[in-house]
Amino acid sequence: MEPDISVLGASGKSGRRVAAALRADGHPVRPASRTAAVRFDWQDDDTWPAVTEGAGALYLVAPEDPTPLPSFVELVAEAGVTRVVLLSGRGVETWNGRFGHAMAAAEDVVRGSDLSWTVLRANNFMQNFTEDVWHEPMLTGRLALPTGGVAEPFIDLDDLAAVAAHVLTTDRYAGRVLDLSGPAALTYDDAVAIIAAAAGRPIRFEEISPSAYADELRAGGLPEEWVAELGGMFDVTREGAVADPTTAVEDVLGRPPRAFADWVAHVAPTGVWAS
Ligand SMILES: NC(=O)c1ccc[n+]([C@@H]2O[C@H](COP(=O)([O-])OP(=O)(O)OC[C@H]3O[C@@H](n4cnc5c(N)ncnc54)[C@H](OP(=O)(O)O)[C@@H]3O)[C@@H](O)[C@H]2O)c1
């Protein structure tokens, strides 16, 4: 019988889709998080064996606080889990502490271990406009960011999940880092215009300075550490190192990733951008 595949962050944006993609392919899944079917909490190591014992592979979303990771990875190795797939971000080698501390720390621990690992470094998700930080601005009709006009090849999380599900079930990608993007880069201005047209409402993109962006985040009540995190992310974006699309999704799946406009046409009818 095939051993279970544990999916951490299973109530979250990527984990939910990874679990669904694995199930659709007939694999046995243990969906885990503080609120998922299998209770797993980074802050409570009594909950860790529920995802390691008897599992064959594990999808790992980095914990915000990386402190528990070395002990967890040790337990994963002791339990004989043969494959670990870590979600990370594209351009991690250029961040230099300005952004993505949790992902960078998780990469260090996982890649420094004896586990058979694969790292998926993703561009920004299309779903940030429906389930995360840029959903609210779509509803209020104004997204203001310091992008420097640099384009982003946003990735559809369903494509990322399909890649993760495949990589979790084969040894072919052991020890590899896969840079995952959508098929084409578009500016935030273009992305917002596509969403506005599909939503049938005026939504505008405004290019603002990094300091004006920080001020707006603070005025919105965001804690200082998140002001620094988001500011750092756009410092990295403006350097352009993650602006070019990659072929990794097509290389793994044998089909191209979904284009932004197709994704927008698919989700707009759900009313997610109706005011
Ligand atoms: N957004 C992007 O464009 C983007 C791009 C590249 C990489 N990333 C990276 O993707 C990662 C986030 O992945 P995601 O978007 O799939 O997740 P998400 O939607 O942010 O959800 C976070 C998940 O972590 C779980 N979680 C939170 N605290 C936990 C704890 N103490 N113990 C156990 N589980 C806990 C949550 O479940 P419970 O609340 O049920 O515990 C939830 O399932 C981050 O590392 C981010 O940097 C994001």
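Up top is the structure these notes are about.
Predicted model, so just to flag it, every value in this text is computed and none were measured.

(A) Spotlight on the packing of aromatic side chains. Summed over all chains, the structure comprises 18 aromatic pairs. Here the aromatic rings of Phe 40 and Phe 72 are separated by 5.5 Å at their centres, their planes lie at 65°, and the arrangement is edge-to-face. One end of the pair, Phe 40, is in the loop between strand E3 (38-39) and helix H2 (49-52); the other, Phe 72, is in helix H3 (residues 69-78), and 32 residues separate them in sequence. Classification of Phe 72 by relative accessible area gives buried; the value is 0%. Their ring planes at 40° and their centres at 5.5 Å tell us that Phe 154 and Phe 260 sit as a pair that is tilted. Of this pair, Phe 154 sits in the loop between strand E7 (142-145) and helix H6 (157-167) while Phe 260 sits in helix H11 (residues 260-267), placing them 106 residues apart in sequence. A residue is classified by how much of its surface remains accessible, and Phe 260, at 5% relative accessible area, is buried.

(B) Broad picture of the site of the ligand. Lining the immediate environment of the ligand, one finds 22 residues, of which Ser 14, Ser 33, Arg 34, Thr 35 and Asn 128 sit closest. Separating an oxygen atom of the ligand from a side-chain N or O atom of Ser 14 is a distance of 2.6 Å. Here an oxygen atom of the ligand sits 2.8 Å away from a polar atom, N or O, in the side chain of Asn 128. Protein chains bury 76% of the 930 Å² of accessible surface belonging to the ligand in isolation. The set of elements that each furnish at least two residues to the shell around the ligand consists of helix H1 (13-24) and strand E5 (83-89). Looking at the shell around the ligand residue by residue, the classes come out as eight nonpolar, eleven polar and three charged.

(C) View of the nonpolar core. Counting 35 residues, the largest nonpolar core has Phe 129, Trp 134, Leu 143, Phe 154, Tyr 188, Phe 260 and Trp 273 as the members making the most contacts within it. When contributions to this core are tallied by element, the ones reaching two or more residues are E7, helix H7 (188-199), helix H8 (210-219), helix H9 (224-239) and H11. Once you skip the residues sitting within four places of it in the chain, Phe 154 turns out to touch Asn 124, Phe 125, Met 126, Phe 129, Trp 134, Ser 181, Gly 182, Ala 184, Leu 186, Tyr 188, Ala 191 and Phe 260.

(D) Layout of the pairing of strand E1 (residues 4-8). Of all five residues in E1, four are buried, a share of seventy percent or more. Two strands pair when backbone bridges link them, and E1 and strand E4 (residues 55-61) are joined in this way by four bridges, in the parallel orientation. Considered in E4, the bridge of Val 7 is made with Tyr 59. Of the strand pairs in this sheet, E1 and strand E2 (residues 29-33) are connected by four bridges, and their pairing is parallel. The partner of Ile 5 across the bridge, within E2, is Val 29. Since E1 and E2 lie parallel, the crossover through H1 that links them has a hand, and here it is right-handed.

(E) Region of the structure containing the environment of Gly 97. Along the chain, Gly 97 falls in the loop between E5 and helix H4 (101-111). We classify Gly 97 as partly exposed; its relative accessible area is 49%.

(F) Geometry of the side chain of Asp 159. Within the element layout of this structure, Asp 159 appears in helix H6. Setting aside its immediate chain neighbours within four residues, Asp 159 contacts Val 249, Leu 253, Arg 255, Pro 257 and Arg 258.

(G) Structural detail: the packing of H1 against H6. It is at 8 Å that the axes of H1 and H6 come closest, and there the two elements cross at 55°. Looking at the two axes, H1 sits oblique to H6. With respect to the hand of their crossing, H1 and H6 are arranged in right-handed fashion. On H6, the residues that touch Lys 13, Ser 14, Arg 17, Val 18, Ala 21 and Leu 22 of H1 are Leu 157, Asp 158, Leu 160, Ala 161, Ala 164 and Ala 165. The class makeup of the residues in the contact of H1 with H6 is eight nonpolar, one polar and three charged.

(H) Structural view of the environment of Phe 260. With 126 residues separating them along the chain, Phe 260 and Trp 134 place their C-alpha atoms 15 Å apart. For Phe 260, the residues in contact, after removing those within four places along its chain, are Met 126, Phe 129, Phe 154, Leu 186, Ala 191, Ile 194 and Ile 195.

(I) Representation of the sheet that holds E1. As summarised here, the arrangement of the seven strands in space is E3-E2-E1-E4-E5-E6-E8, forming an open sheet in which the pairing is parallel. Looking along the sheet, the strands with just one partner apiece sit at the ends: E3 and strand E8 (176-180). Contacts between H4 and the sheet are confined to E4, E5, strand E6 (117-122) and E8, with E5 contributing the most and set at about 155° to the helix.

(J) Spotlight on the pairing of E6. With six of six residues buried, E6 is to be regarded as a mostly interior element. Burial along E6 is two-sided: the face carrying Trp 117, Val 119 and Arg 121 and the face carrying Thr 118, Leu 120 and Ala 122 are both buried. Sheet topology note: the E5/E6 ladder contains six bridges and is parallel. Considered in E6, the bridge of Gly 89 is made with Ala 122. Read from E5 through H4 to E6, the crossover connection turns out right-handed.

Thresholds, definitions, all that
Residues numbered from 1 in each chain as written. Predicted model: local features only at pLDDT ≥ 70, side-chain atom pairs only at ≥ 80, totals over all residues. Heavy atoms only, no water. Phe/Tyr/Trp six-rings, centres within 6.5 Å; stacked < 30°, edge-to-face > 60°. Helix = DSSP H or I, 4+ residues; strand = E, 2+ residues; numbered from the N terminus. Buried < 20%, exposed > 50% of the residue type's maximum accessible area, 1.4 Å probe, protein only. Near = heavy atom within 4 Å. Polar contact = N/O pair within 3.5 Å; in protein donor to acceptor, adjacent residues only side chain to side chain. Areas by Shrake-Rupley, 256 points an atom, 1.4 Å probe, with all protein chains shown as cover. Nonpolar A, V, L, I, M, F, W, Y, C, P; charged D, E, K, R; others polar. Core = buried A, V, L, I, M, F, W, Y, C linked by side-chain atoms within 4.5 Å. Contact = heavy atoms within 4.5 Å. Pairing = 2+ DSSP bridges. Right-handed = clockwise from strand over helix to strand, strands pointing away. Axes fitted to C-alpha atoms, helices over the stretch in contact; angles between N-to-C directions. Parallel < 35°, antiparallel > 145°, perpendicular 65-115°, else oblique. Left-handed = near helix turned anticlockwise from the far one by under 90°.

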